[in-house]
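# Notes for the structure review
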Amino acid sequence: MKRRSFIASAATASAGMMAPGQLWSRDDRKHPVQELKGNINHSACYWCYDSIPLGKFLPELKKLGVGAIDLVGPADWPLLKKYGIHASMCWGAELNLTDGWCDPQFHPKLIASYSAMIPKVAEAGYTNLICFSGSRRGMQDEEGLQHAEKGLKQVLSLAEEHGVVLQMELLNSKVDHKDYMCDHTPWGVALCDRLGTENFKLLYDIYHMQIMEGDVIRTLETYSDYIGHYHTGGNPGRHEIDETQELYYPAIMKAIVKTGFKGYVAQEFIPSWEDKIAALEQGVRICDV
């Protein structure tokens, strides 16, 4: 948690009582957007900002110096190319968050869907394609691992052939996604080890794993070789990643950089401010270490 100062001027204290949106308003911005340092490859998850039409959102990303966007599918790719924005995490092959690879009843549909999507991702010039374990439905960890391994092996040779990396997202099963199987890093790591390919990685969602495990920095240091992508989010509430919540993102980002990570860090907090772009800018600046 960010250290707080107990000695502050009256002016600072007064400012601290203001709502974040009052402190970070695009209308009140007096300085141009700062050039990013280049140590973090920044991205943003579009679903958090989808009240803004994509054709208006992409130019805003360009202004912020953010060169990528997460969780977009083939229908959006032509617009991304128009604005020179990279698709850092593609989606559209998954069925949903609950019907996933740990349950064999969904394997036929998943195999067909991923087999069709993997070549499309590669042809478009992208690399990452999201996937999900799905719900336990009474299964123990080992049974789920066996099923996921068997199913994923049927599409991973195609992923290797096309240079596409399947990234399974770690989600919390405590607050948001009850019964989700891949809810702890060690389970995902065990699956990576069984699959034994660089074309399968973990999407480490910092918000979700703070809820399930905590100890974020030690975890990402220990398992850095298994992590291919990061998502941010403030906890509790999944809003802005500033001093209003318990995670201190500058330290987390410095730890990520220290591991030698060259992938993307995508902002996936839900803006609570009226000005969503200002909230995104703040998140990017916080993470730009």
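All of these numbers come straight from a predicted model, not from anything done at the bench.

Rules used throughout
Residues numbered from 1 in each chain as written. Predicted model: local features only at pLDDT ≥ 70, side-chain atom pairs only at ≥ 80, totals over all residues. Heavy atoms only, no water. Axes fitted to C-alpha atoms, helices over the stretch in contact; angles between N-to-C directions. Helix = DSSP H or I, 4+ residues; strand = E, 2+ residues; numbered from the N terminus. Left-handed = near helix turned anticlockwise from the far one by under 90°. Contact = heavy atoms within 4.5 Å. Nonpolar A, V, L, I, M, F, W, Y, C, P; charged D, E, K, R; others polar. pLDDT = per-residue confidence, 0-100. Parallel < 35°, antiparallel > 145°, perpendicular 65-115°, else oblique.

This brings us to the packing of helix α3 (residues 54-64) against helix α11 (residues 276-287). As a packed pair, α3 and α11 sit with axes 11 Å apart at the nearest point and diverge in direction by 35 degrees. For the pair α3 and α11, the crossing hand works out as right-handed. Across the interface between the two elements, Phe57, Glu60, Leu61 and Leu64 of α3 pack against Ile277, Leu280 and Glu281 of α11. Tallied by class, the residues present in the contact of α3 with α11 amount to five nonpolar, no polar and two charged.

A word on the confidence of the model for the protein chain. Here the protein chain averages 91 in pLDDT, and 89% of its residues register 70 or above. Between residues 1-31, whose pLDDT stays under 50, and residues either more than four places distant or in other chains, the model counts 23 contacts.

Before going further, it helps to examine the packing of helix α6 (residues 141-162) against helix α7 (residues 185-195). Close contact between α6 and α7 brings their axes to 10 Å; oriented N to C, the two are set at 45 degrees. One way to sum up the angle between α6 and α7 is to call them oblique. The way α6 lies across α7 gives a crossing that is right-handed. Each of Asp141, Glu142, Gly144, Leu145, Gln146, Ala148, Glu149, Leu152, Lys153 and Leu156 in α6 lies in contact with α7, whose residues at this interface are Trp187, Ala190, Leu191, Arg194 and Leu195. Split by residue class, the contact of α6 with α7 holds eight nonpolar, two polar and five charged.

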